[in-house]
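Descriptive analysis of the structure
This is what each chain is made of:
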Amino acid sequence: MFGSLSWKNLWRNKLRSLITIASVFFAVVLSVVLTAIQKGAMQNLVKDVVGFYSSYIQVHKKGYYDNQTLDNMLVVSDSLIDAVKQQKNVVLVSPRIETFVLASTGQNTQGCMLTGIMPSKESELIKLRQKVKSGNYMSDDEPGVMISEGLANKLGLQVGDTVMLLGQGYQGATAAGRYPVRTLLTFGSPQLNDRLMFMPVKQAQSLLSAGNMATTLVVSVDDTKSLQQIQSGIEHHLPAGYEVINWQQMQPEIDQMVKTKEGSEIIIVLLLYALVSFGIFATLLMMMAEREYELGMLFAIGMKKAQLARMVALESVFVSAIGCVAGLVVSIPLVFYLHVHPITFGGQMKKMYENFGFEAVIPASITPSIFYEQVIIIGLVSLALSAYPMYKIFSMNALKAMRK
């Protein structure tokens, strides 16, 4: 009976009910969209840091991270890679050789970072295939190099040209060779775009006289929230003589920046909840002011205050439920649209982002918890604020209410 009565009461004054529902609706939409954009910005920041080059976890020979020379390389073996893969959540393991060389084309000479990779695996690790600007993405056994667009411009190179490389190999051996340019790559970060050159790892091992060695094993994981546990698990499965480092240890300044930004965004969300609460509370004040005579009359003809409170409480539940569901229905496609078509900056803002090595875009996050967490929070806030009508009913004087 009370459920039916409460439902009918909602639509006796449609405008009042719709205003109350709208306050909950807009609260849900605003909180979901804002949270999705904030989390998307953080996820994109981390993706820029680890997805452009470093990956989430790296395995080195012990001491390499503090003294990054070719003399501290590790021997790549099936048993070593299998030991890393034994850890749950490890998706992919790929060897790399990283060193600095001089790249020359006639009169142009430029220092660059040469990275020996397995192109087939790096396409999944750092989405390298998606960064192809011109030419064809290389296979693991194809001779040649892939050069970042900025570096190619400095050297005056195009696809099909030849580049001379000169550097120092393993244990002081001379490293020199001529290689055809197969691919031009483009990176969102200017620092990477002006300095990177890739070649298949076997070719790099031959150039550097490094046998079956690598400086790094890069590791891709499928659960970034459990990074510390995955790192500890890999360390447990490896024999002595190796070090396992995650991206937060490799780039602590970025990690600190992310934590600081997350803290500031919590404050922004709390302010949003405060504004939302005032908006919902204002509609409840309006509702009680309009219904004071009605409630006083019901009490005067014999309806108990507890029954009135139950009726109004059910009305608050209906209003909250309708507003939350409607807000969720609208916010889901809106967030997905902002995920597929992210906010893109231009002009000075774009230059500022790129100077820090980040893409000037903010895609919305589509993490499922964003939707149900915000709906639950706003729903609980609106139900908690319904305590005010309860208070007004239990403190109501029927005679005074009907005079008004």
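Starting from 1, residues in each chain are numbered consecutively following that chain's sequence as written. With the structure being a predicted model, the display of local features is reserved for residues of pLDDT at least 70 and the display and counting of side-chain atom pairs for 80 or more, all residues being used for whole-chain, interface and lining totals. Hydrogens are left out, water is left out, and the side-chain values use all remaining heavy atoms of the structure.

Secondary structure counts use DSSP, requiring at least four H or I residues in a row for a helix and at least two E residues in a row for a strand, with both numbered from the N terminus. For the chain, the count of helices and strands is 15 helices and 14 strands. With the radius of gyration taken over C-alpha atoms, the globule rule is written as 2.2 Å times the number of residues to the power 0.38. Over its C-alpha trace the chain gives a radius of gyration of 31 Å, far above what one expects of a compact globule, namely 22 Å for 404 residues. Dimensions of the chain, computed from the C-alpha atoms along their principal axes, are close to 100 × 45 × 30 Å. Residues are treated as being in contact if the distance between any of their heavy atoms lies within 4.5 Å. In the chain, the proportion of contacts linking residues at least 24 apart, taken out of those at least 6 apart, comes to 78%. Note on areas: Shrake-Rupley, 1.4 Å probe, and residue coverage restricted to the protein chains presented here. For the chain, the accessible surface area stands at approximately 19,700 Å², while carbon and sulfur atoms represent 60% of it.

Right, let's get into the packing of aromatic side chains. Pairs of aromatic rings are described using the distance from one ring centre to the other and the angle between the two planes. For Phe, Tyr and Trp, rings pair up if their centres lie within 6.5 Å, where Trp contributes its six-membered ring, and each pair is then called stacked (planes under 30 degrees apart), edge-to-face (over 60) or tilted (otherwise). A complete count under the given rule lists one aromatic pair for this structure. Plain terms: the ring middles of F25 and F26 are 4.9 Å apart, the flat faces sit at 75 degrees to each other, and that makes the pair edge-to-face. Relative accessible area decides the class of each residue, using a 1.4 Å probe on protein chains only: under 20% of the type maximum gives buried, over 50% gives exposed, and in between gives partly exposed. On the basis of relative accessibility, which here comes to 49%, the residue F26 falls in the partly exposed class.

Ranked by internal contacts, the top residues of the largest apolar core, which has 56 residues, are I57, V84, I147, L165, M197 and I234. The element that contributes the greatest number of residues to this core is strand β3 (residues 90-105), accounting for five residues. Contact partners of I147, with chain neighbours within four places excluded, come to A152, L157, V181, T183, L184, L185, L196 and M197. In plain words, nonpolar cores are sets of buried Ala, Val, Leu, Ile, Met, Phe, Trp, Tyr and Cys residues tied together by side-chain atoms within 4.5 Å. In this structure, F25, M287, L308 and I378 belong to the second largest nonpolar core, which totals 36 residues.

Turning our eyes to something else, we now look at helix α14 (residues 387-394). Here α14 has its buried residues at P389, M390 and I393. Taken around the axis of α14, the buried residues stretch over an arc of 105 degrees, which confines them to a single face. Each C-beta atom gives one direction from the helix axis, and the arc is the one those directions make.

Two joining distances apply to patches: 9 Å for like charges and 5 Å for nonpolar side chains (Val, Leu, Ile, Met, Phe, Trp, Tyr), and every residue must have over 30% relative accessible area and no salt bridge. Definition used for salt bridges: Asp or Glu carboxyl oxygen within 4 Å of a side-chain nitrogen of Lys or Arg. Together, V317, Y372, I376, L380 and L383 line one region of the surface with nonpolar side chains, adding up to about 470 Å² of accessible area. Looking at the nonpolar patch element by element, the count peaks at four residues for helix α13 (residues 368-385).

In this description, a line fitted to the C-alpha atoms serves as the axis of each element, helices being fitted only across the stretch in contact, and the angle between N-to-C directions of two axes falls anywhere from 0 to 180 degrees. The N-to-C vectors of α13 and α14 enclose an angle of 15 degrees; their axes lie 4 Å apart at closest approach. Classified by the interaxial angle, the pair formed by α13 and α14 is roughly parallel. Here α13 contributes L383, A384 and L385 to the contact with α14, which in turn contributes A387, Y388 and P389. Grouping the amino acids of the contact of α13 with α14 by side-chain chemistry returns six nonpolar, no polar and no charged. Throughout, the term roughly parallel applies to angles under 35 degrees, roughly antiparallel to angles over 145, roughly perpendicular to angles from 65 to 115, and oblique to all others. Three classes are used, and their members are as follows: Ala, Val, Leu, Ile, Met, Phe, Trp, Tyr, Cys and Pro are nonpolar, Asp, Glu, Lys and Arg are charged, and the others, Gly among them, are polar.

Residue placement: N193 occurs in helix α6 (residues 190-193). On the basis of relative accessibility, which here comes to 12%, the residue N193 falls in the buried class. Leave out the neighbours within four places in its chain, and N193 touches S148, E149, G150, L151, L185, T186 and F187.

One non-glycine residue with positive phi stands out, namely N89, at about 80 degrees. Within the secondary structure, N89 sits in the loop between α3 (78-85) and β3. Assessed through its relative accessible area of 22%, N89 is described here as partly exposed. The backbone of S209 sits at a positive phi, close to 55 degrees, despite the residue not being glycine. Within the secondary structure, S209 sits in the loop between α7 (201-207) and β10 (213-214). A residue is classified by how much of its surface remains accessible, and S209, at 40% relative accessible area, is partly exposed.

On to the pairing of strand β8 (residues 174-185), then. Pairing between two strands requires that DSSP report at least two bridges joining them. Pairing between strand β5 (residues 132-135) and β8: three bridges, direction antiparallel. Within β8, the position partnered with S134 by the bridge is L184. Here strand β7 (residues 162-168) runs beside β8; their pairing, made up of seven bridges, is antiparallel. In the sheet register, L166 faces β8, and the bridge partner there is A176. Turn length for the β7-β8 hairpin, with the two strands adjacent in sequence and antiparallel, is five residues, and the turn residue Q171 shows positive phi of about 55 degrees.

Shape descriptors only; they carry no functional weight alone.
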